[in-house]
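Observations on the three-dimensional arrangement
Letter by letter, the chains look like this.
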Amino acid sequence: MGALRDVTGEPMTQMGETVVAASGVDLTFETNDGPVHALKGVDLEIGKGEFVSFIGPSGCGKTTFLRCIAALETPTGGTLTVNGMSPDEARRARAYGYVFQAAGLYPWRTIGGNIRLPLEIMGYDKAAQAERVARVLELVDLAGFEKKYPWQLSGGMQQRASIARALAFDADILLMDEPFGALDEIVRDHLNEQLLALWARTGKTIGFVTHSIPEAVYLSTKIVVMSPRPGRITDVIESPLPKERPLDIRDSKEFIEVAHRVREGLRAGHEA
Ligand SMILES: Nc1ncnc2c1ncn2[C@@H]1O[C@H](COP(=O)(O)OP(=O)(O)OP(=O)(O)O)[C@@H](O)[C@H]1O
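The name given to the chain in an unreviewed UniProt entry is NitT/TauT family transport system ATP-binding protein, and the organism recorded there is Poseidonocella sedimentorum. What UniProt records for the chain under Sequence similarities (unreviewed entry) is the sentence "Belongs to the ABC transporter superfamily."

This is the structure:
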């Protein structure tokens, strides 16, 4: 049976459907110092609407795996599909938005101008651009900041603007590579709360890279623990926490138990 199509002819995803399917994914970089096994035998399924965090020490391949999903790297072995297509086809079908570690806003463009950029490149007309910019600024709580320049915003606000840019073309999948790593803890808590609210409101599928155990446990429906040399998955934890998560859930027994299991997984990976 072929993929379901929506009215525009694009393949459609259904509730509960698998969005990302990885089976035995390997990626070896050939370098001057010899091969680097960035990913080895990675098996993972991500369902529609899941919030999946990748956690592990530096160099375990978290970014590389996210980049494979986004068709920014090509696995050297195994199979990887996104919405039932190759990652490259999914990219052309605008399946995802990508948020990088640094906000990466152009300083000579206003916040609105930065968010509009991908829409201009994709040929949206002026009215559609304006409507989308207003909608995503509202989503990240930055309504009224459209005409400001990046330097006029705090680091946290810049990162929100960068999330708005990734949301602008309404991709179903949001890939986020340590977006809040450089921010202080209070700002980070606030952004984590806002990101969860945004996820609940939009039903997007999110892949999120982090070094922080509390952040991974607070945000995720599924936590993927990875270990380096070669980069592989050592544990996949389905979170027992409810979807509704006030910040003080971090003091609950369930939260502490999941955090403990993540820590054990990281430790085991170190010793292997
Ligand atoms: N383009 C590349 N060429 C060669 N080696 C690479 C390349 N990209 C990544 N690597 C190597 O692959 C391994 C995995 O890197 P990756 O950036 O995915 O790790 P990570 O878990 O995201 O690390 P961090 O937490 O520090 O961001 C590392 O050993 C890295 O040096």
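Past the structure itself, the notes keep going.
What follows deals with the overall build of the chain. Counting its regular elements, the chain contains eight helices and nine strands. Relative to the 2.2 N^0.38 estimate, which gives 19 Å for 272 residues, the radius of gyration of the chain is 19 Å and therefore close to what a compact globule would have. Counting only C-alpha atoms, the chain reaches 55 × 45 × 45 Å along its principal axes. Looking at the chain as a whole, 40% of its 272 residues are labelled buried. Of the contacts formed within the chain by residues at least 6 apart in sequence, a portion of 69% connects residues at least 24 apart.

Here E264 is to be found in helix α8 (residues 253–271). Considering only alpha carbons, one finds E264 and D235, 29 residues apart in sequence, at a separation of 9.7 Å.

Formed by 67 residues in total, the largest nonpolar core has its most connected members in I69, Y96, V136, A164, L174, L175 and V262. By residue number, the principal contributor to this core is helix α5 (residues 155–167), which donates six residues. When residues no more than four places from it in sequence are discounted, the contact partners of L174 are Y96, G97, V99, A166, K204 and I206.

For F255, the position within the fold is in helix α8. Between the alpha carbons of F255 and L142 there is a distance of 31 Å; along the sequence they are 113 residues apart. If near-sequence neighbours (up to four positions away) are discounted, F255 is found in contact with V217, L241, I249 and R250.

Read across the sheet, six strands follow the order β5-β6-β7-β3-β8-β9 without closing on themselves; strand pairing throughout is mixed. Taken across any chain shown, the strands that pair with only one partner, and hence form the sheet edges, are β5 (96–99) and β9 (232–238). The average angle at which neighbouring strand axes cross in this sheet is 15°, direction not considered. Bridge count between strand β8 (residues 222–227) and β9: six bridges; the pairing is antiparallel. Counterpart to V224 in the pairing with β9 is V236. In this fold helix α1 (residues 62–69) packs onto β3 (51–55), β6 (173–177), β7 (205–210) and β8, with an angle of close to 155° to the strand it touches most, β7. Sheet strands in contact with α5 are β5 and β6, and its direction is about 160° off that of β5.

This next bit is on the site of the ligand. As a matter of local geometry, the ligand sits amid 13 residues, with F29, A38, S58, T63 and T64 nearest to it. Sorting the residues of the shell around the ligand by element identifies β1 (18–31), β2 (34–47) and α1 as the ones contributing at least two each. Of the residues forming the shell around the ligand, the biggest block, three residues, is contributed by α1.

The rules we used
Residues numbered from 1 in each chain as written. Predicted model: local features only at pLDDT ≥ 70, side-chain atom pairs only at ≥ 80, totals over all residues. UniProt positions renumbered as here; feature names shortened; annotations may be inferred. Helix = DSSP H or I, 4+ residues; strand = E, 2+ residues; numbered from the N terminus. Rg over C-alpha atoms; globule rule 2.2 N^0.38 Å. Buried ≥ 20, exposed ≤ 12 C-beta atoms within 10 Å, placed from the backbone. Contact = placed C-beta atoms within 7 Å. Core = buried A, V, L, I, M, F, W, Y, C linked by C-beta atoms within 7 Å. Pairing = 2+ DSSP bridges. Axes fitted to C-alpha atoms, helices over the stretch in contact; angles between N-to-C directions. Near = placed C-beta within 6 Å.

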